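# Understanding the architecture of this molecule
In case you want the letters, here they are:
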Amino acid sequence: MAKKIAAGNWKMNGTQDALSELKAIEAGLPQNAPEVVICPPATLLLPAVDAVQRLKIGAQDCHAAAKGAHTGDISALMITDAGASHVILGHSERRQDHDESDSDIHAKVEAAWAAGLTVILCIGESEADREAGNTLDVIADQLAGSLPDDADADNTVIAYEPIWAIGTGKVPSLEQIAEVHDFLRQSLNDRFGARAGDSISLLYGGSVKPDNAAEIFRVSNVDGALVGGASLKADDFGPIVSALAEA
Ligand code: PGA
């Protein structure tokens, strides 16, 4: 069985005053809380790690190299050094804004694993891919191209994020989510064996809100969510965490 995880991606939002939201998210955790990972901007990694005990903290990207002349980038080791445990890689905004390819992401995943981080690997189709009926092919290609061979439940979480659902308020039907998550589960089983394949957590991401979380968490092979906008406020994220705890 895969672990339940509620992850928040704060993107380029949040200055030091946002630490009070982080503390409020922690204070509101239900007793049977799933694992909760918050990924604030890099400037908040250290204070976020210091501010909370029961939440895990993650970064939103890392460089593939361990160190060197890469102005503006941060390495996986810098993220672990800050006390964080996770890193989001392959988010569609990175793929689009920074031209990241599957092979770039593959190299970053290896760097993150080498530093001891758990990777939240994002994959997902564009609206044009979906309309052309290519969703599962795109997903299969991204998974094959960006996920190295040593994936297991300790070092990897997969987030299915249809690009057209991110920040748009549009959400796929529950059948569409089930189709992709069942396909992902089967692909992981085929590639890594049932033991690893069944235990890697599969998150859905894209316009998850308090009012749609519970139904999404009832979909087969959905083990949690990667939440953008609704993770910025404890009042929004808290009910999502509670819905997952009850799922
Ligand atoms: P959203 O973002 O919840 O604001 O749609 C999700 C994501 O990009 O991870």
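Whatever comes next refers back to the structure up there.
Residues numbered from 1 in each chain as written. Predicted model: local features only at pLDDT ≥ 70, side-chain atom pairs only at ≥ 80, totals over all residues. Heavy atoms only, no water.

### Points about the environment of Gln 186
Of note, Gln 186 is situated in helix α8 (residues 174–192). On the accessibility criterion, Gln 186 (46% relative accessible area) is partly exposed. Expressed as a C-alpha distance, the spacing of Gln 186 and Leu 46, which sit 140 residues apart in the sequence, is 38 Å. (Helix = DSSP H or I, 4+ residues; strand = E, 2+ residues; numbered from the N terminus. Buried < 20%, exposed > 50% of the residue type's maximum accessible area, 1.4 Å probe, protein only.)

### What about a negative patch on the surface?
Negative charge collects at one region of the surface, where Glu 110, Asp 150, Asp 152 and Asp 154 lie side by side. Assignment of secondary structure puts Asp 152 in the loop between α7 (135–146) and β6 (156–160). (Patch = residues over 30% accessible without salt bridge, like charges linked within 9 Å, V, L, I, M, F, W, Y side chains within 5 Å. Areas by Shrake-Rupley, 256 points an atom, 1.4 Å probe, with all protein chains shown as cover. Salt bridge = Lys/Arg side-chain N within 4 Å of Asp/Glu carboxyl O. Lys, Arg positive; Asp, Glu negative; His and termini not counted. Charge placed at Lys NZ, Arg CZ, Asp CG, Glu CD.)

### Quick notes on the sheet that holds strand β2 (residues 35–39)
The sheet built from eight strands closes into a barrel, its strands ordered β1-β2-β3-β4-β5-β6-β7-β8 with parallel pairing. Strand-to-strand, the axes of this sheet are offset by a mean angle of 25°, without reference to chain direction. Summarising the sheet, β6 and strand β7 (residues 201–205) pair through four bridges and their orientation is parallel. Directly across from Tyr 160, in β7, lies its bridge partner Tyr 204. Against the sheet, helix α11 (residues 234–246) touches β1 (5–9), β2 and β8 (224–227), its axis set at about 160° to β1. (Pairing = 2+ DSSP bridges. Axes fitted to C-alpha atoms, helices over the stretch in contact; angles between N-to-C directions. Contact = heavy atoms within 4.5 Å.)

In short, geometric facts, not functional conclusions.
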